[in-house]
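Fold and geometry: a report
One letter stands for each residue in the lines below.
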Amino acid sequence: MALSLSVTSALNLTLEGSTGSFSVGRETASQQTVEVKYFLTHVGLNLLSGANEELLRHLAPVREVFPPRDLGFDEIMQRDIDDARVSSELVPYLLDRKSRDLVKLFPPIVVVVMPVETDANRPANHYPAVTSEDGTENGHPCKIVRSGEKGQEVFEFVQPFEGGKLYQHDLVRLKLNTNRCRLVIVDGQHRAMALLALYRNLKQDWEDKNKAPYKDYYEEWTPNYIKSFELANISLPIMFCTFPALDENFSGEYNVKMAARSIFLTLNKTARQVSASRNRLLDDNDIVALLLRDTLSSIKAFDDIHAPSSLRIHNIELDQAHDRVKIESPIAISGVNHFYYMIEHILLNRLEDVSGAKPRAGNYYLRSDLTNFGAMRRLNGWNLLGEDLANATNRFFYTTGAGETLGKEFRDRFGKFIVATFERFVPYEAHTSAVLWLDEQLRLQANTKIRPILFEGQGIGRTFENHRKHLDEKIREKEFGAEAPKLQEILGRLDATRKMVADYEVKLKAERANRFLAKADKKGLRGDDGQLYPKVVEFITWLYDNVLTTVAFQTAIIGGFFGELERANIAREKLGQEPLETQASFDKFIDDLNEFFEVVRPNDFRRLVEVFQGTLGDEIGEWKITPSASTFKRVVYRGEMQPAQWPKYKYLLLELWRATGTDLEASIAGERDVARFQIFNSLEKEYQKDFLERNLRREESLTTAERNAIRTEAYDAFCKFLRNLGWKASDVPTKKSLVEAPQTEDANAAPEVATDDWDDGDASSVVEEGEA
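Residues numbered from 1 in each chain as written. Predicted model: local features only at pLDDT ≥ 70, side-chain atom pairs only at ≥ 80, totals over all residues. Heavy atoms only, no water.

**Side note on the overall build of the protein chain**
Looking only at helices and strands, the protein chain features 27 helices and 14 strands. By residue count, 54% of the 772 residues in the protein chain fall in the buried class. Counted over contacts in the protein chain with a minimum sequence separation of 6, partners at least 24 positions apart contribute 70%. Put simply, the protein chain shows about 34,200 Å² of open surface, and 48% of that area lies on carbon and sulfur atoms. (Helix = DSSP H or I, 4+ residues; strand = E, 2+ residues; numbered from the N terminus. Buried < 20%, exposed > 50% of the residue type's maximum accessible area, 1.4 Å probe, protein only. Contact = heavy atoms within 4.5 Å. Areas by Shrake-Rupley, 256 points an atom, 1.4 Å probe, with all protein chains shown as cover.)

**Quick look at the packing of helix 19 (residues 551-574) against helix 20 (residues 582-597)**
Axis separation between helix 19 and helix 20 bottoms out at 11 Å; the angle between their running directions is 140°. As the angle between them shows, helix 19 and helix 20 are arranged oblique. The two elements helix 19 and helix 20 cross, and the hand of that crossing is right-handed. On helix 20, the residues that touch Phe-553, Ile-557, Phe-561, Phe-562 and Leu-565 of helix 19 are Thr-582, Ser-585, Phe-586, Phe-589 and Phe-597. When its residues are assigned to classes, the contact of helix 19 with helix 20 shows 8 nonpolar, 2 polar and no charged. (Axes fitted to C-alpha atoms, helices over the stretch in contact; angles between N-to-C directions. Parallel < 35°, antiparallel > 145°, perpendicular 65-115°, else oblique. Left-handed = near helix turned anticlockwise from the far one by under 90°. Nonpolar A, V, L, I, M, F, W, Y, C, P; charged D, E, K, R; others polar.)

**Points about the pattern of salt bridges**
Taken as a whole and assessed by the stated rule, the structure comprises 48 salt bridges. A salt bridge links Arg-173 to Glu-16; the shortest N-O distance between them is 3.5 Å. Highlighted residues: Arg-173 in strand 8 (residues 172-176) and Glu-16 in strand 1 (residues 13-27), separated in sequence by 157 residues. A salt bridge links Lys-203 to Glu-53, with the shortest nitrogen-to-oxygen separation between them at 3.4 Å. Here Lys-203, found in helix 4 (residues 189-203), pairs with Glu-53, found in helix 1 (residues 50-58); they are 150 residues apart in sequence, far enough to count as distant. (Salt bridge = Lys/Arg side-chain N within 4 Å of Asp/Glu carboxyl O.)

**Observations regarding the packing of helix 8 (residues 287-300) against helix 9 (residues 336-347)**
In contact at an axis separation of 9 Å, helix 8 and helix 9 are set at 120° when each is read in the N-to-C sense. Between helix 8 and helix 9, the angle falls in the class oblique. Considering only the axes of helix 8 and helix 9, their crossing is right-handed. Mapping the contact onto sequence places Val-288, Ala-289, Leu-291, Leu-292, Thr-295, Leu-296 and Ile-299 in helix 8 and Val-336, Phe-339, Tyr-340, Ile-343, Glu-344 and Leu-347 in helix 9. Considering only residue class, the contact of helix 8 with helix 9 consists of 11 nonpolar, 1 polar and 1 charged.

**A word on the pairing of strand 10 (residues 235-242)**
Of all 8 residues in strand 10, 6 are buried; the element is thus mostly enclosed. The pairing of strand 3 (residues 109-115) with strand 10 spans 4 bridges and is classified as parallel. Its bridge partner being in strand 10, Ile-109 is matched across the sheet by Ile-238. (Pairing = 2+ DSSP bridges.)

**Remarks on empty space enclosed by the protein**
Taking a probe equal in size to a water molecule and rolling it over the atoms shows the remaining empty space. In the structure shown here, the tally under the stated rule is 2 cavities of 30 Å³ or more. In this model, the second largest cavity occupies a volume close to 30 Å³. As for the second largest cavity, its lining consists of Ile-287, Leu-291, Leu-347, Leu-370, Ala-375, Met-376, Leu-379 and Leu-406. Those elements giving two or more residues to the lining of the second largest cavity turn out to be helix 8 and helix 10 (375-378). For the lining of the second largest cavity, the class distribution of residues is 8 nonpolar, no polar and no charged. (1 Å grid on protein atoms, 1.4 Å probe; cavity = no way out; pocket = protein on both sides within 12 Å on 5 of 7 lines; lining within 4 Å. Points joined across faces, edges and corners; volume = space filled by probe spheres on them.)

**Side note on the packing of aromatic side chains**
Across all of its chains, the model carries 32 aromatic pairs by this definition. Here Phe-539 and Trp-542 contribute two aromatic rings whose centre-to-centre distance is 6.4 Å and whose plane-to-plane angle is 15°, an arrangement assigned as stacked. Highlighted residues: Phe-539 and Trp-542, both in helix 18 (residues 534-548), separated by 3 residues, approximately one helical turn. An angle of 40° between the planes, with centres 5.7 Å apart, marks the rings of Phe-561 and Trp-657 as tilted. One end of the pair, Phe-561, is in helix 19; the other, Trp-657, is in the loop between helix 23 (646-656) and helix 24 (665-694), with 96 residues separating them in the sequence. The buried category is assigned to Trp-657, whose relative accessible area is 2%. Grouped by ring-pair contacts, the aromatic residues Phe-339, Phe-422, Phe-425, Tyr-428, Phe-553, Phe-596, Phe-597, Phe-632 and Tyr-649 constitute a single cluster. In this structure, Arg-367 packs its charged tip against the face of Tyr-364, placed 4.2 Å from the ring centre. (Phe/Tyr/Trp six-rings, centres within 6.5 Å; stacked < 30°, edge-to-face > 60°. Lys NZ or Arg CZ within 6 Å of the ring centre and 35° of its normal.)

**As for the side chain of Glu-317**
Inspection of the secondary structure assignment puts Glu-317 in strand 11 (residues 316-317). From its side chain, Glu-317 meets the backbone nitrogen of Ser-329 in a polar contact 2.7 Å long. (Polar contact = N/O pair within 3.5 Å; in protein donor to acceptor, adjacent residues only side chain to side chain.)

**Focus: the confidence of the model for the protein chain**
Across the protein chain, the average pLDDT comes to 85, with 88% of residues at or above 70. Within the protein chain, helix 27 (residues 763-766) has the poorest average pLDDT of any element, 38, and helix 20 the best, 97. Confidence drops under a pLDDT of 50 for residues 753-772, and excluding neighbours within four residues, the segment shows 58 contacts in the predicted structure. (pLDDT = per-residue confidence, 0-100.)

**Structural notes on helix 25 (residues 704-724)**
In an α-helix, one turn spans 3.6 residues; hence positions three or four apart end up facing the same way. Helix length check: helix 25 (21 residues) gives 30 Å between terminal C-alpha atoms against 30 Å at 1.5 Å per residue, within 8%. When we look at burial in helix 25, the residues that qualify are Ile-710, Ala-714, Tyr-715, Ala-717, Phe-718, Cys-719, Phe-721, Leu-722 and Asn-724. Gly-726 occupies a position one or two residues after helix 25 and carries a positive phi of about 105°. (Expected span 1.5 Å × (residues − 1).)

**Quick notes on the side chain of Asn-177**
With respect to the helices and strands, the residue Asn-177 is situated in the loop between strand 8 and strand 9 (181-187). What makes Asn-177 buried here is its relative accessible area of 2%. A polar contact of 2.8 Å, which involves the side chain of Asn-177, links it to the backbone oxygen of Glu-153. Of the polar contacts made by the side chain of Asn-177, one reaches the backbone nitrogen of Asn-179; its length is 3.0 Å.

**Examining the nonpolar core**
Grouped together as the largest cluster of nonpolar side chains are 124 residues, with contacts concentrated most on Phe-516, Leu-517, Phe-553, Phe-597, Phe-605 and Phe-721. The dominant element in this core, judged by the number of residues it contributes, is helix 19, at 10 residues. Of all hydrophobic cores here, the second largest spans 98 residues; its members include Phe-66, Ile-81, Phe-157 and Cys-181. (Core = buried A, V, L, I, M, F, W, Y, C linked by side-chain atoms within 4.5 Å.)

**Concerning the pairing of strand 8**
Burial of strand 8 is extensive: 4 of the 5 residues sit out of reach of the surface. Here strand 6 (residues 155-162) pairs with strand 8 via 4 bridges, running antiparallel. If you follow Phe-157 over to strand 8, its bridge partner there is Leu-174.

**Brief notes about the environment of Leu-291**
Note that Leu-291 resides in helix 8. Spatially, the C-alpha atom of Leu-291 lies 8.2 Å from that of Gly-415, the residues being 124 residues apart in sequence. Ignoring anything within four residues of it in the chain, the contact list for Leu-291 reads Ile-343, Leu-347, Leu-406, Gly-407 and Phe-410.

**Quick look at unusual backbone geometry**
Although it is not a glycine, Asn-380 adopts a positive phi angle of roughly 55°. Relative accessible area serves as the criterion here: at 23%, Asn-380 is assigned to the partly exposed category.

**So, the environment of Glu-505**
The topology assignment puts Glu-505 in helix 17 (residues 484-516). For the pair Glu-505 and Pro-330, spaced 175 residues apart in sequence, the C-alpha to C-alpha distance is 6.8 Å. Ignoring anything within four residues of it in the chain, the contact list for Glu-505 reads Pro-330 and Leu-454.

Following this line, the structure appears as structure tokens:
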């Protein structure tokens, strides 16, 4: 007797709807678009429908499907959810409190059926083999498109046909195996979250650890309140996208993750604007974005208890709001836009773009030619890719293989030094280690309220505060009637949470200042209780907020180091000498910077204060600041600092980077001298302008004595600035040497370059910067 060994299907979610197709992306190698086979249906709160409840149980925002901490940067497919906006705007719109009983109409939620790796909850690149065959469903002939063998399927389309013609509308079924795929929302996750929040509140379904941190944002929507609406009429269209061509037999470079990112970016071009930082994280068509993700991945790899440094990915702000480059997260020290700007300036600069302390010239975001702007040379691209592939490669067009090759080279030549800067520069190490200390404090206390706001996801702190404000407004406007006492209680808890967050931020800043000044003499900076004077902590906080975390300062460190190293190596090449060793040069560079920023004696601290704020009185604890003419803002740059002015900070760092005893010393000194001439020339003009305005005079009326007095006053301020940066009096250039410079140049005028190579619309040049 023969045994009947039939295989049981693994498909556990069946949906009914209609189907169709469109195309997406462009497979680089073949220049072909990829077909998207979609399935359109709806999902709602009519829970008498088993399909609705089953789908709501499996549907979730990306942050719950693939927690960000588990994903690489090339696997990110969404932005963060603004739960405050969902709770304050979308849930009310969905419920429609002002015109009940109407069906709400939204554009479809777009979901990608994402295959997952067999042994991990990570997105896979391709589906199991996709086959097509004729079959029957409930006795009706149909076309079956299936991914995976029976019993191990990922998805299956069942499309009835009659007379050889396929049905596209109604009666089509999409069957899913939710154990081998995840439903990744690539558009409409705020709409979906509104629906899910209502469903979860009705079912009290917030227990999962990936859901629980967001429960508080929806507490005001109590089950009783939700049930007062016609929930059966709340229904949203939802579209499931598959890419049958992207199965394991696909020979091109495109994959399901890239296709999902492409749909997200395409759909969100016309939706609520995606931040520039999120666009850069998701962009597969810009090699600078690729190198950005590679560098961030190196930092993400430190998320381990045995990591050699305290730098973690939570120290990098991944979703910078409103496209501003000023860091907002209290635990971040840099951001995506910072890294993008730095990498762009390392790869695509020409030496003539930066001259001394002048603002850098050039329109970097338009620079796509990797050869003319030096990127191919810097990455050894001609040798690694070969002439044909190198010729065909530019910033916005490159194969996956070329991207991987250039990415690895970038990592070795530049990326590891960018990361090392944030590990070894004393102020950054003080910040990252203080954040790690705070993280440990919150873990020890098992704090489930504060830690997610500060550490889980990006922008949650902003979302929390927005949510608290919205709820406060609703209560004052009496929107919830009889539910008001309950909401008042919720608001009270939110206020208490906000206060705790603020308290922990204060503790973090104090701990950071302690670590910044860890080597300082115990006397002078601390009171009788051994604690740093409050004004000392306040100054250190100001220094981080307005100087150390700005894109201009960080570009000055990274771009300044590599720019000067390249300048020296080009000169050496002309002399037939070997290039300088990057690691040794970098070690000396960081040591020289740390010598200034690592405070040991009270006078070191005084000099630091005078460089950035003013002259500090005898008793530091009394904090009496006298305005000084020798601060960075008075001597070097008096305007509002913008990213393109980063050479001003590079000049400051050149005064600290002595490179004494190395082969770089002469080259650094030469560029420092150029910048000094420019700075002094600008300073003298500023003093003269001020004199003329104060005395209502014209320039041609100045006497020789008056001109000499103005010059001497400017020189005295400049000298004191240099002395505060650690130069001995004998090393400060004489007034005569500055005046008799071969060429007087204004530090405020950018280098002369071709007209079409100027910044006129570069977003990174107009975003706001911390004021120095």
